[in-house]
Amino acid sequence: MRNNILAGSDNPTVLKETRTLREKVLWYKRFSRQVLAQRHWTLTEFSIEDAARWDEAGCRRELRTLDAAKEVYEIECRMRMSGQRVITDWLEKEVRLVHDTAN
């Protein structure tokens, strides 16, 4: 019983941590267009109801993915600002080209 209180999902510390992680994930949902590359916007296409059901591990997993995508976007933005090209620019152009010729 004591272990369940300390490590279980009813532990107030775990609940608070889960709530904090969930708020961070929902922040990404709210601001995805400002902090993520367009190709990563789909990472935030979960519903608020889905996010409310995630446990601590699920929130951590989503947050890890979103943090990584944000970091990639920030690196790409810095590279563009310094005049460097980014490989994803070429890839996105190719995808648009293929899409345009298919229609």
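Here, the structure is the one placed above.
Everything numeric here is computed off the predicted structure, so don't read it as measured data. (Residues numbered from 1 in each chain as written. Predicted model: local features only at pLDDT ≥ 70, side-chain atom pairs only at ≥ 80, totals over all residues. Heavy atoms only, no water.)

### Overview of helix H4 (residues 56–81)
Line of reasoning, step 1. Helix length check: H4 (26 residues) gives 37 Å between terminal C-alpha atoms against 38 Å at 1.5 Å per residue, within 8%.
Line of reasoning, step 2. Taken together, the buried positions of H4 are occupied by Gly58, Cys59, Leu63, Leu66, Ala69 and Glu76.
Line of reasoning, step 3. Directly beyond the C-terminal end of H4, a positive phi value near 90° is found at Gly83. (Helix = DSSP H or I, 4+ residues; strand = E, 2+ residues; numbered from the N terminus. Expected span 1.5 Å × (residues − 1). Buried < 20%, exposed > 50% of the residue type's maximum accessible area, 1.4 Å probe, protein only.)

### As for the side chain of Thr18
Line of reasoning, step 1. Its location among the elements puts Thr18 in helix H2 (residues 12–35).
Line of reasoning, step 2. Setting aside residues up to four positions removed in sequence, Thr18 forms contacts with Trp54, Asp55, Glu56 and Cys59. (Contact = heavy atoms within 4.5 Å.)

### As for the packing of aromatic side chains
Line of reasoning, step 1. Across all of its chains, the model carries three aromatic pairs by this definition.
Line of reasoning, step 2. With a centroid separation of 5.2 Å and an interplanar angle of 80°, the aromatic rings of Trp27 and Tyr28 are classed as edge-to-face.
Line of reasoning, step 3. Here Trp27 falls in the partly exposed class, since its relative accessible area comes to 33%.
Line of reasoning, step 4. Taking the relative accessible area as the measure of exposure, Tyr28 reaches 4% and is therefore buried.
Line of reasoning, step 5. A connected cluster of aromatic rings, assembled from ring pairs, spans Trp27, Tyr28 and Phe31.
Line of reasoning, step 6. Taking NZ or CZ as reference, Lys29 lies 5.1 Å from the ring centre of Phe46, over its face. (Phe/Tyr/Trp six-rings, centres within 6.5 Å; stacked < 30°, edge-to-face > 60°. Lys NZ or Arg CZ within 6 Å of the ring centre and 35° of its normal.)

### Points about H2
Line of reasoning, step 1. Of all the bends in H2, the largest measures some 50° and sits at Lys29.
Line of reasoning, step 2. Taken together, the buried residues of H2 touch helix H3 (48–53) and H4.
Line of reasoning, step 3. Capping the start of H2, Asn11 holds a side-chain oxygen 2.7 Å from the backbone nitrogen of Thr13, two or three residues further along. (Bend = angle between axes of the 7 residues up to and from the residue. Polar contact = N/O pair within 3.5 Å; in protein donor to acceptor, adjacent residues only side chain to side chain.)

### Details of the nonpolar core
Considering soluble globular proteins, one finds that nonpolar side chains tend to be buried as a cluster.
Line of reasoning, step 1. Counting residues in hydrophobic clusters, the biggest one holds 13 residues, and the most contacted among them are Val25, Tyr28, Leu36, Phe46 and Trp54.
Line of reasoning, step 2. Those elements that provide at least two residues to this core are H2 and H4.
Line of reasoning, step 3. For Trp54, the contacting residues outside a window of four places in its chain are Thr18, Arg22, Val25, Phe46, Cys59 and Glu62. (Core = buried A, V, L, I, M, F, W, Y, C linked by side-chain atoms within 4.5 Å.)

### A word on the environment of Ala51
Line of reasoning, step 1. Checked against the element boundaries, Ala51 lands in helix H3.
Line of reasoning, step 2. Remark: the alpha-carbon pair of Ala51 and Glu62, spanning eleven residues in sequence, is separated by 9.5 Å.
Line of reasoning, step 3. Setting aside its immediate chain neighbours within four residues, Ala51 contacts Arg22, Leu26 and Phe46.

Shape descriptors only; they carry no functional weight alone.
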